[in-house]
Amino acid sequence: MLNASQRRFTFFISLPLIVLSTFATTTMLSAEQNPTVDVDFNRDIRPILAQHCYACHGPDAKQRKADLRLDDRAVAIKVGAIQPGDTGASELVQRINHEDPEERMPPASTERSLSVDEKQKLTQWIAQGATYSQHWAFVAPKRPQLPRQRKAKWSSNPIDAFVLARLQREGLKPSPEADRSTLLRRATFDLTGLPPSPAELVAFQADRSPQAYEKVVDRLFASPRFGERMAQHWLDLARYADSDGYHDDTKRAMWPYRDYVIRSFNRNKPFDQFTREQIAGDQIPNATLEQITGSAFHRNGPTSSEGGANPEEYRVKYAVDRVNTTASVWLGLTLQCTECHDHKYDPFTQKEFYQLFAFFDQVPGNTLHRGFFAPPSKPVPSLSQANKLAKLDHRITTITAQLDGSNAGLESEQKKLIQERASLQKQRKVIEKAFPRLRIMQDAPKRIPTYILVRGDFRRRGGQVQPGVPAILPPFPTATSPRLALASWLVDPKNPLPARVTVNRFWAMIFGAGIVRTPNDFGSRGDWPTHQELLDWLAVEFIESGWDVKHLLKLIVTSSTYRQSSAVGPDLLKRDPTNRLLARGPRFRLPAEMVRDNALFVSGMLHEEIGGRSIKPYQPAGLWREMSYGQGKKYVQDHGPSLYRRGVYMFWKRSILNPSYSIFDAPTREDCEVQRSRTNTALHALVLLNDVTFVEAARVFAERIITQGGRLTDERVDYAYGRALSRRPSKKEHALLADIFKDMLEHYRKHPDAAKQVVTAGEWPATKGVDPVEHAAWTSVAQVILNLDETITKE
Amino acid sequence: MEPTSMTSEGSARRAFLGRTAAGIGGIALAAMLGEDNSSAVEPSPSPRRTTRGLHFAPKAKRIIFILQAGGVSQFETFDHKPKLTELHGQPMPESLTNGQRLAQIRGKKLIVCGSPYKFKKYGQSGAELSELMPFTGTIADDICIVRTATTEAINHDPAVTFMQCGNQQPGRPTMGAWLSYGLASENRDLPSFVVLASGMNQGQNLHTRYWGSGFLPSEHQGVRFRSGKDPVFFVSNPQGVSRAARRRVLDGIRALNQLKHEEVGDPAITARIAAYEMAYRMQRSVPELTDISDEPQHVLDMYGPEVSQPGSAARCCLLARRLAERDVRFIQLYHRGWDQHGNLPNDLQRQCRQTDQPSAALVKDLKRRGLLDDTLVIWGTEFGRTPMLQGQYKPKSYGRDHHMLCFSMWMAGGGIKPGITIGESDEFGYQPLNHPVHIHDLHATWLHLLGIDHEKLTYRFQGRDFRLTDVQGKLLKDVMA
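Predicted model only: the values in this text are computed from it and were never measured.

### Examining the overall build of chain A
Here is step 1 of the chain: From N to C terminus, chain A includes 34 helices and seven strands.
Here is step 2 of the chain: What you see for chain A is a C-alpha radius of gyration of 30 Å, in line with the 28 Å of a compact globule of 795 residues.
Here is step 3 of the chain: The C-alpha extent of chain A, read off along each of the three principal axes, is 95 × 75 × 55 Å.

### Topic: the domain arrangement of chain A
Often, the extent of an interface is quoted as the loss of accessible area on bringing the components together.
Here is step 1 of the chain: Along its sequence, chain A is carved into domain 1 (3–133), domain 2 (383–434) and domain 3 (690–794).
Here is step 2 of the chain: Here domain 2 of chain A and domain 3 of chain A have C-alpha centroids that lie 54 Å from each other.

### Remarks on helix H3 (residues 41–52) of chain A
Note on helix geometry: an α-helix contains 3.6 residues per turn, so any two residues three or four positions apart are oriented the same way.
Here is step 1 of the chain: Burial analysis of H3(A) places nine of its twelve residues in the buried class, which makes it a mostly covered element.
Here is step 2 of the chain: The set of residues buried in H3(A) consists of A:Asp44, A:Ile45, A:Arg46, A:Pro47, A:Ile48, A:Leu49, A:Ala50, A:Gln51 and A:His52.

### Side note on the interface of chain A and chain B
Here is step 1 of the chain: Listed by partner, the interface residues are 102 residues for chain A and 89 residues for chain B.
Here is step 2 of the chain: With eight residues, helix H32 (residues 731–750) of chain A is the single largest residue contributor to the side of chain A that touches chain B.
Here is step 3 of the chain: When grouped by side-chain class, the residues that make up the side of chain A that touches chain B number 45 nonpolar, 34 polar and 23 charged.

### Notes on the confidence of the model for chain A
Here is step 1 of the chain: When pLDDT is averaged across chain A, the result is 91; 95% of the residues are at 70 or more.
Here is step 2 of the chain: When the criterion is pLDDT under 50, residues 1–36 of chain A qualifies, and its contacts beyond four places in sequence or with other chains add up to 66 contacts.

### Details of the packing of helix H30 (residues 692–708) of chain A against helix H34 (residues 772–786) of chain A
Any two packed helices are characterised by the angle at which their axes cross and by the distance between the axes.
Residues and elements named next belong to chain A.
Here is step 1 of the chain: Contact geometry for H30 and H34: axes closest at 8 Å, N-to-C directions at 115°. Every pair of crossing elements has a handedness; the one defined by H30 and H34 is right-handed. From H30, Phe 694, Ala 697, Ala 698, Arg 699, Phe 701, Ala 702, Glu 703, Ile 705 and Ile 706 reach across to H34, where they touch Glu 774, His 775, Trp 778, Thr 779, Ala 782, Gln 783 and Leu 786.
Here is step 2 of the chain: Per-class residue counts for the contact of H30 with H34 are ten nonpolar, three polar and three charged.

### Regarding helix H11 (residues 212–222) of chain A
Here is step 1 of the chain: Those residues of H11(A) that fall on the buried side of the exposure criterion are A:Tyr213, A:Val216, A:Val217 and A:Leu220. Buried residues in H11(A), looked at end-on, bunch into an arc of 95°, giving them a common side.

Thresholds applied
Residues numbered from 1 in each chain as written. Chains lettered and ligands numbered in written order. Predicted model: local features only at pLDDT ≥ 70, side-chain atom pairs only at ≥ 80, totals over all residues. Helix = DSSP H or I, 4+ residues; strand = E, 2+ residues; numbered from the N terminus. Rg over C-alpha atoms; globule rule 2.2 N^0.38 Å. Domains from an automatic or database assignment. Buried ≥ 20, exposed ≤ 12 C-beta atoms within 10 Å, placed from the backbone. Contact = placed C-beta atoms within 7 Å. Nonpolar A, V, L, I, M, F, W, Y, C, P; charged D, E, K, R; others polar. pLDDT = per-residue confidence, 0-100. Axes fitted to C-alpha atoms, helices over the stretch in contact; angles between N-to-C directions. Left-handed = near helix turned anticlockwise from the far one by under 90°. Arc of directions from axis to C-beta.

Okay, structure coming up:
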C-alpha cells in the first residue's frame, strides 16, 4: 500500500524528468498534428500542464504552491498567471521564459524544462484567449458526422470513413485487402481463438458471393468457441484465478464464474446487463443463480489467510482492489493514487476514492478464510452437475405424478416407485453436496461505516463517507441498493467513460492496440486517441445498439480497415512503426492460450468441452513442490482428454503459473490486467521446441501428416503447411521443407534409437504401423512448422 | 537488424550432415530478450542502456541478493542484547509496545525473551556476531552490517513484496526487473536477471511475483534456475533430439522466417530469428554454468559439504559466483525456512548451518577472484523477529514473532564500506536508536552503486511515472566507500 510512503512526499522527487514519456509523446504528436493549426486546449495544452505544472499548481490542494491552480481558469486569471489575449501581462509567459533560472518555471530543481515547442504552444494559447475545455474523456460522446471522403468506395462501414479521412489527410493510402486465407485465419483467431480448419478454408475460397466473408463472420459468432475466446480476455480483467494469491495461495473454486463468462458472451448478453451482474448481480431484485454467479466478479481478487494477518487490513485491501478494478475496467481511470492523496493530474480527490470504496467494503464475514471457505459463498453446480440434476428431477417429478395420479397401480409397484424416488433423492443430495462453493458478493445487513483512511493506512481513520461517485462524472442517484445503482450509473449513456473504454478494449483486442493506446488511462496523462471521432462514433453505436458486443465486433471485423493486408514496406514502417494510422492490418503474436490451442488444433489433439473444473496439463515435474508449502505442493497432472483442452481452462495458480504461460506473457492475475505485455524472447523458443505439450503436438501432427497427407513427400509438405498455416507453401518454402525432411530422414536412419525416443513424446496414444524413423523425420518438419513466426502470429 | 555473418543455408546443411554444427554464424544480437516490435506495440520507452552506468559511473556492475526468507531473528545472530537476557521472562515494557503492530502474539501477554547464544567479536572491525555465525565472522572485515533496518509490512508475503518492489501490493516490478530494464545485459547467452532458490520444504511459498516484472514488459522478469536436469524451464532438448538435429531444425525455422520477413516486412520476425539463436546458445551456456565439475576441490570445500547437493544454499552460492563471473546483472537467491514462531533453537541452527559457511565463502571467493570490487553482495531478510517470546520458553524450543521495526542484514563489495557496523537498536532491540535504514533507502543506495539515480529510473504506467523507491529513498552515505 502507498500509505506511509507518502510521508516524505515532495514534488521534486515525485516527478523526475520523464525521459521515457517524452519519446512517446513526440512520436504521438508528429503523427497527430500539424503545428500550424490552432492550439487546442485538450490536445495541446493540458498534456503540457499535466506533465509539468499540475503537481504544484493542480488539483491536489496539499501540494499546491503559491495558491495557483493552472487546472482552473478562474484561479489562474485571478492570481495573474494568465491574462487571456495578453501574453505580456501573463506571468506564466514571463516565468516560463525567464532568464534567471531561479525564477524560471518549472523550477530547475524538478529537472524538467519546457521545450521551445511547448513554450510556443502555451504562448499561442494565451494569445488566442486561453480557453479551457473539459478533458475530452469526461464529456459524454456524441455521434460525430461521418467525414466526407474521396474514394469512398474503399469503405465498408463508418469505421472506414474515419480511418480513410485520416489517411488521406496524412497523404497515405490503405493497404490492399488481405488474401482470403489470411483474412479467414485472422478473423477465426480473433473471434474463436483458433485457426480455421482446411475445410473451412476451402468453403470460403469457393464461395464467390459478395456475402462470403460476412457469412464466415456470422458462423464464427455462432460458434461456442467465441465465448471461450472472449472469456480469455475478460478473465484478465476479472483477475480470475483458481488460487487465493497471497501467502499460501490455497486452491479455490471460482470456475463456475469462468463458465458463466463464456456463456454470457456466447449468448451475447448485452454489456450493460453483464455489467450489472458483475458489479451487483446479487442485488438485482429476485436475483437468479446466474446473476448471483456474475457477482463473483468482485470476489475474484486475491485473499490472504496468513496467520497473524490483521483481518481489518485485508478487508480494506480487498475493497481497494475492487475500486481499482472497477475504475480500470469501466472508467479507464487510474484511481490507485487517490487511495492515499488527491490525484495529481486528474480531478479526483481522496474523499472520492473512499466514496467509491464505500460501495465495496460491505462484504460480511471473516476476511482471512482460505480457499473454498471464504464467506460469503454459494454452491453453484457445474454444467454436468446441473444436467444430472435436471435428469434426476425429471424422473422424480414423473414418479411423483404417477404416485399422485388416480391410477397409481398396484401396491407393489407403488412401493418400487417410492423406493426409486428415495434413491434418486439420495443421489440428488450427493451431487448437491459436491457443488463447488463459489465466492459471491453480498452486503452486510447493516451498513458498516466507511472512513477516509489517512494515507491509505487502515489504522488511521479520517472522516466518515457515504457511497458516491467522482464529482466530475454524472451525479449519482440515491438508492437503497447502492452497488446496483452504481452498476446502473456505470452503464448510463450519460456516463462519458464506460462505453468508450469498453469499445476501446475490444478494438485493442483485435488491432493489438486501442484507439486510446493507454486503455487503462483515459485521464489527462493518457494517450490522445489516434481517431477520436471514430472512438466516439463506436461508443455511441455500442450504446444505441443496446450494448451489443457481437454487433460491435462485427462492425470492426467487417470493416475494410480490418481487412487490409498487414504486410508493410520500409517506408510505411518508418512513417508509422506501430500502425497508429491504420494504413495496414494488424499483425501480432498470439496470446499464451492461443499459442497452446493452435498447436493442439493443428495436431488434431484439441479436446473441445466447455466448462468445468480447471485442467492440470503437463508442467515441469516438481514445480509446485519446490515453491509452495502445505497442500499447495501437490500437482496432480490430468490424463486423457483433459490434457488437450483449451488454454482458457488452465488451472491458474497465482504464485506459480504454468511456465509456458508466464513465458508467453500471461499475467498472474494478482490484479486487474487490462493489457498484457507482448514480448519476443529466447524463452519462447525453448517452450515451443522443448515443452512436452509442443513436442507432443509435433509428434502427433507428424502422424497425421503421414497417415492423412498423402504418400509423396511433396503432398505431405503441402498438407502440413495447409493444415498449420491455411495456405500452400511457396516453391522456396516447399523446397526448404523437403530438404529438412530429407536431412532428418538421413539423420534418423543413422540413429534409429533416437528416432524411437522422439516419437514417444507425451501421452497421446501412438498410431500403429508408423515407421519410427520416418515418423521422427516428419516430427522435425512438424516442429519447424509449429515454430514459425507465422504459426504463432495473427497476420 | 541484418544477420551479418550467417552461414548460407547450404553450408549449414553441410555442417549438419557432417555433424560439426560449428559456424552457426554470429548473428548480431541486440539483447537476449527482445521486445516485440510488431505492429501495434509502442516502441519500448527503455532508457537505453550503457555499461557505463545510466546516470553516473557505477561502483558495482552487478548485484547478488541473498534473501533469507521467513524473517531472520536478529537476536540470535547479529544484534547482541544482554538486556533481554537480563530481563528474560519478565513482561515487556508497555511503553515500547503500546500502539505498535503485532502479528501472531497480538492480544497475548508480551514477555521478554533473551538469547541463549554467546556473542563474540570478530576481525579488526570487532563486529559482534553470535556463535551461530562463525563463518560470517571470518568475513567481518569485508562486510557492512546494518542492525537498524526497518520495513512497513508485518506479514511475509507483503514484506517480501515490499523488499523486492518497494511496495506491498502485487503489481510493481522487482528490483531485478528494474535493473534489467535500466541497464544492458552484458552477457549474450544468459538472462540478465537470474533467480536461485534453496531451502525447499522449509516454510512459505515463493511466488513468481517475487521476481516478476510488474507493469514493466515481461521480458524483464527473472528467470529461475532450478536444481534438476532442466536448470531453465525447457532448456534441454527432448529425448532423442541431438544438438546437431536441433541445429538443422533451427536452420529450417530461420530460413522460413526470413522468407516471411521478406514478404511482410514485420521487424518482429527478425527479433524472433535472433531470439531462436539466443535460445540455442542458452542450451549450451546454461548447462555449462550449472555444471560445477570444473571447480577444484578446495573451492568446493570453501562452500561446505552441502555444495554437492543441488538445490542447497551452498550450491546456490557457488552458482551465484559463476553467474557473477559471467556478468549476469542481478542474481537473486532465496533461502527459505527462517520463520521461527516456535522451535527456534533447532531450526535456527539448521538455517545457520545451511547458509553461514556458503555466504561467507561467496564473499571470499568473489574477493580472491577480484570480483568483489564490482559485485554488490546483499544478505537480507524481509523483517526481523520480536524481542518478545512466542509460545513457551524452553532453552531448546521457543519462538519469536514477526518484527518489522528493527532488524539486521549485511552488505559487501561493490562500493560498500567494508568492516563497519551501522546503527544501534535500543536495549530491547525494538526500535532503531540511531541510523534507521528504510527499505527505500537501501533501494536508493543499491541503485546508486550501480550508477543509477533512483529518482530518474522511471516508467510511465497508468499516467504516473513509477520508480522503485516510490516517492522516497535517501542515499545511505555512511555505508558507501
